[in-house]
Amino acid sequence: MWNWKYAFSILPKILSALKITIGATFVAFLLALVLGLILSVLVRSKVKIVSLVVRGFSQFIKTTPLLVQLYFIFYVFPKIGISLKPFTAGVLGLGVHYSTYLSEVFRSGIESVPAGQWEVAKALNFSRSQTWMKIILPQVIPPIIPVIGNYLITMFKETPQLSAITLVEILQTAKILGASSFRYLEGFTIVGIIFLLLSYPSSQLIKKLESRLRTEN
C-alpha cells in the first residue's frame, strides 16, 4: 500500500538526483547537436569514401540498441585502455546515439535550402565556413527547432537507461531506496510523475513553437 510518510521522506533524495538526470540530458544533447551537424556535413562530402564511412557509421549506430552501446562504452572501452566515469560514458553513449538521428534532421534542413543560395554565396566570394555560418545555417535551423526539441525530450526520457552503467540518476536512486526498504511503489511512482511533469509541458511548448513558426512562414 502507498505510504505518504515514506514517499515524502525519499522525495528530497530523488529530487537531488534529478540534477544528474537533467545534466546528463543537456550535455548529451549538446554533443548530439554538434556531432549531428558534423555528420550531416560530412555525408555530403565529395570524397566518396568519407561519405560512405559516415553513412555506415550512422546506420550502425541507429540499428544498434542504445543499451548495448552504453555497455560497450562503459565495460569494453576499459579493455583497450579507455576508462570513463558513469556520467561521461552515459553522456557519450546518449550523445553519439542521438547524433545520428539529429544528423538526418540537419540533412533534411540543408537539402531544403534552395540551390540559388549556394550560388549567391559563391558569387559573393564567401569561404566555405562563411557560406555555412552566414547563409545556410540561418535558413536551416529555425524550421527544424521543433523537431530538435522533440529529440531533447526523447533523450530526457531515455536517461533511465544510464542506470544500467551505474549512473545514479533518479531511476537508479529509486532502485537503491527500494532495495534498502523493500518499498518500490513510492519511488518508482515519484520518478514517473517527475518525468511526466517535465516532459508534458515541454512537449506542449514545442507544439506551440511549431505552430508559431508555421504561422510566420
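On a predicted model such as this, the values are computed, not experimentally measured, just so you know. (Residues numbered from 1 in each chain as written. Predicted model: local features only at pLDDT ≥ 70, side-chain atom pairs only at ≥ 80, totals over all residues. Heavy atoms only, no water.)

Draft legend 1. Local environment of the pattern of salt bridges. For the coordinates displayed, the defined rule picks out 4 salt bridges. R107 is paired through a salt bridge with E104; the nearest N and O atoms lie 2.9 Å apart. Here the residue R107 and the residue E104 both occupy positions in helix α4 (residues 86-111), the gap between them amounting to 3 residues, near one helical turn. Residue R107 is classed as partly exposed on the basis of its relative accessible area of 25%. Where E186 meets R183, a salt bridge forms, and the shortest distance between an N and an O atom there is 2.4 Å. Each of K62, E104, R107 and E111 takes part in salt bridges that share partners, so that together they form one network. (Salt bridge = Lys/Arg side-chain N within 4 Å of Asp/Glu carboxyl O. Helix = DSSP H or I, 4+ residues; strand = E, 2+ residues; numbered from the N terminus. Buried < 20%, exposed > 50% of the residue type's maximum accessible area, 1.4 Å probe, protein only.)

Draft legend 2. Spotlight on the nonpolar core. Within the largest apolar cluster, 31 residues are counted, with the highest numbers of intra-cluster contacts made by V140, I148 and M155. Only α1 (4-42), α3 (66-76), α4 and α6 (128-158) provide two or more residues apiece to this core. Examining the composition of this core, we find that 9 residues originate from one element, α6, more than from any other. In contact with V140, other than residues within four places in its own chain, are F106, G109, I110 and V113. Within the second largest apolar cluster, 14 residues are counted, among which are A7, F156, I190 and I194. (Core = buried A, V, L, I, M, F, W, Y, C linked by side-chain atoms within 4.5 Å. Contact = heavy atoms within 4.5 Å.)

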